[in-house]
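Breakdown of the fold
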Amino acid sequence: MAEIIFDTKPAVLAEELEQKLRILFEKSPAHGEQTIVIAIGGDGTMLHAIKQHAHLDPLFVGVSAGALGFLQTIEPEEITQLVGALATGEYGIMRAPMLGVRQTGDSVSVYGFNDISIERAAARAAKFTLHIGDSTGRFVGDGVIFSTPLGSTAYSLAAGGPIVDANASDVFVVTPNNPHMSALYSSLQRPHILASDRVVKLSFDDSVSERPLQLICDGHTVPIDFSQDLEIFLSDRSVSLIELTGSNWQSHIESKRLGRN
């Protein structure tokens, strides 16, 4: 019997859904031995669940207890169907890649499920150098956002980035956030979609002391040393997400982004 872990938003509807699910699981325990994490709430709840439990290599599933939540594929009226699918093992699994950050030559120190942003931490614009392959250029602006395909509907989209098909697992997005439109400084003025084997290197100079930076991973600030170069890339780590039969992540995203009947 699989272990079930709940990560529930502290809200009345979310807590009611957890109690209903617990009752249903007492009658129909989940099939298999792999741990299942059920995030009940919105996207923030799912991101929190991934941050807390990804090291267990579980299966994740999101139950919506909000209005939009792209990462919550199960609506409240579908929880009985969810429990039935987990009891029989009749569901699909999508493996969503994670971004990685490392100091040049070191091991990965940060993993991001949705996005990783290098951005200004004070009033003055961020300024740093980007290296992609043999190309090098200076960036000036609010920052640069790196997102996974599934995370492309979040911070990157708000900054003008594209929505990438959720089934794509071999690309990531680099989106400039309010770049200064200057041929002298800003080499990155439009979003780029890069293949999984590409690595973006960021280097910093003494201006960091006057123009402080911060690294934001899935909405949380992560302490990091900006005196050394950073490399950002699509890592070999992934998160396993449950899909109910007859449904998939891309159609779920399209229905929420384009509207519902």
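In the block above lies the structure referred to throughout.
Residues numbered from 1 in each chain as written. Predicted model: local features only at pLDDT ≥ 70, side-chain atom pairs only at ≥ 80, totals over all residues. Heavy atoms only, no water.

1. Brief notes about the overall build of the protein chain
Our working rule: Helix and strand definitions here come from DSSP, where helices need a minimum of 4 consecutive H or I residues and strands a minimum of 2 consecutive E residues; each element is numbered from the N-terminal end. Throughout, radius of gyration means the C-alpha value; the globule benchmark is 2.2 Å times the number of residues raised to the power 0.38. Accessible area is worked out with a 1.4 Å probe on protein chains only. A residue is then buried under 20% of its type maximum, exposed over 50%, and partly exposed in between.
Looking only at helices and strands, the protein chain has five helices and 14 strands in total. Its C-alpha atoms give the protein chain a radius of gyration of 20 Å, near enough to 18 Å, the size a compact globule of 261 residues would have. With respect to the principal axes defined by its C-alpha atoms, the protein chain has extents near 65 × 40 × 35 Å. Counting all 261 residues of the protein chain, 50% fall into the buried class.

2. Some thoughts on the packing of aromatic side chains
Using the following cut-off: Any two rings among Phe, Tyr and Trp, with Trp reduced to its six-membered ring, count as a pair given centres within 6.5 Å; such a pair is stacked if its planes are under 30 degrees apart, edge-to-face if over 60, and tilted if neither. The criterion for a charge sitting over a ring is simple: Lys NZ or Arg CZ within 6 Å of the ring centre, and within 35 degrees of the ring normal.
The final tally for this structure, using the stated rule, is three aromatic pairs. Between phenylalanine 204 and phenylalanine 226 the ring centres are 5.2 Å apart and the planes differ by 80 degrees, which places this aromatic pair in the edge-to-face class. Remark: phenylalanine 226 occurs in the loop between β13 (220-222) and β14 (230-244) and phenylalanine 204 occurs in the loop between β11 (199-203) and β12 (213-217); sequence separation between them is 22 residues. Taken individually, phenylalanine 204 and phenylalanine 226 each receive the classification buried, so the pair is uniform in this respect. Every member of this aromatic cluster is reached through a ring pair, and the members are Phe128, Phe139, Phe204 and Phe226. Above the plane of the ring of phenylalanine 233 lies arginine 102, whose end atom (NZ or CZ) is 4.2 Å from the centre. For the cation-ring pair, arginine 237 lies above tyrosine 111, with the distance from its terminal atom to the ring centre recorded as 3.7 Å.

3. As for the environment of alanine 96
With respect to the element layout, alanine 96 can be found in strand β4 (residues 91-103). For alanine 96, a relative accessible area of 4% gives the class buried.

4. Re the side chain of glutamine 72
Filter applied, for reference: Pairing of N or O atoms within 3.5 Å defines a polar contact, subject to two protein rules: one partner must be a possible hydrogen donor and the other a possible acceptor, and residues neighboring in sequence count only if both atoms are side-chain atoms.
Of note, glutamine 72 is situated in the loop between β3 (59-64) and α3 (79-88). Exposure remark for glutamine 72: the relative accessible area of 0% places this residue in the buried category. There is a polar contact of 3.1 Å between the side chain of glutamine 72 and the backbone oxygen of valine 63.

5. Here we look at the environment of glutamate 210
As for its placement among the helices and strands, glutamate 210 is situated in the loop between β11 and β12. In this structure glutamate 210 comes out as exposed when scored by relative accessible area, which is 52%. C-alpha separation for the pair glutamate 210 and alanine 122, spaced 88 residues apart in sequence, amounts to 9.2 Å.

6. As for the pairing of strand β6 (residues 115-120)
This is how it is decided: At least two DSSP bridges between two strands are needed for those strands to be called paired.
Within β6, five of the six residues are buried, which leaves the element mostly enclosed by the surrounding structure. One ladder, built from five bridges, connects β6 with strand β8 (residues 135-147); its direction is antiparallel. Each bridged residue has a counterpart across the sheet, and for isoleucine 116 the counterpart in β8 is phenylalanine 146. One ladder, built from five bridges, connects β6 with β12; its direction is antiparallel. Paired with arginine 120 across the bridge in β12 is leucine 213.

7. Focus on the pattern of salt bridges
What counts, and what does not: Between Lys or Arg on one side and Asp or Glu on the other, a salt bridge is scored when a side-chain nitrogen of the former is within 4 Å of a carboxyl oxygen of the latter.
With the rule as written, the count across this model stands at six salt bridges. Glutamate 18 is the partner of arginine 22 in a salt bridge, and the nearest nitrogen-oxygen pair spans 2.8 Å. In this pair, arginine 22 and glutamate 18 are both assigned in helix α1 (residues 12-27), four residues apart and thus about one turn of the helix distant. The salt bridge partner of arginine 102 is glutamate 231, with a shortest N-O separation of 2.7 Å. Taken together, the residues span a long stretch of sequence, with arginine 102 in strand β4 and glutamate 231 in strand β14 at a distance of 129 residues.

8. Observations regarding helix α2 (residues 43-53)
To keep it simple, the criterion reads: When checking whether two residues touch, look at their non-hydrogen atoms; a contact exists if any pair is within 4.5 Å.
Of the residues making up α2, those classed as buried are Thr45, Met46, Leu47, Ala49, Ile50 and His53. Against β1 (4-8), β2 (36-41), β3, β4 and β14 lie the buried residues of α2.

9. Comments concerning the nonpolar core
Inclusion rule: Put simply, buried Ala, Val, Leu, Ile, Met, Phe, Trp, Tyr and Cys residues joined by side-chain atoms within 4.5 Å make one nonpolar core.
Ile118, Phe128, Phe146, Val200, Leu202, Phe204 and Leu215 are the most contacted members of the largest nonpolar core, which totals 27 residues. For this core, the elements supplying multiple residues, two or more each, are β4, β6, β7 (126-132), β8, β9 (171-179), β11, β12 and β14. Setting aside residues no more than four positions away along its own chain, leucine 215 makes contact with Val101, Val110, Ile116, Ser117, Ile118, His220, Thr221, Val222, Ile224, Phe226 and Leu230. Core analysis: the next-biggest nonpolar cluster, separate from the first, contains 23 residues, Ala14, Ala30, Leu82 and Val83 among them.

10. Digging into the packing of α1 against α3
This is how it is decided: Each axis is a line fitted through C-alpha atoms, taken for helices only over the stretch in contact, and angles between the N-to-C directions span 0 to 180 degrees. Angles are sorted into four bins: roughly parallel if under 35 degrees, roughly antiparallel if over 145, roughly perpendicular if 65 to 115, and oblique for all others. Should the near helix be turned anticlockwise from the far one by less than a right angle, the crossing is termed left-handed; should it be turned clockwise, right-handed. Side-chain classes are defined by residue name, with Ala, Val, Leu, Ile, Met, Phe, Trp, Tyr, Cys and Pro counting as nonpolar, Asp, Glu, Lys and Arg as charged, and the others, Gly among them, as polar.
Close contact between α1 and α3 brings their axes to 10 Å; oriented N to C, the two are set at 40 degrees. One way to sum up the angle between α1 and α3 is to call them oblique. With respect to the hand of their crossing, α1 and α3 are arranged in right-handed fashion. Within the contact between the two elements, α1 uses Leu17, Lys20, Leu21, Leu24 and Phe25 and α3 uses Ile79, Thr80, Val83 and Leu86. For the contact of α1 with α3, the residue count by class is seven nonpolar, one polar and one charged.

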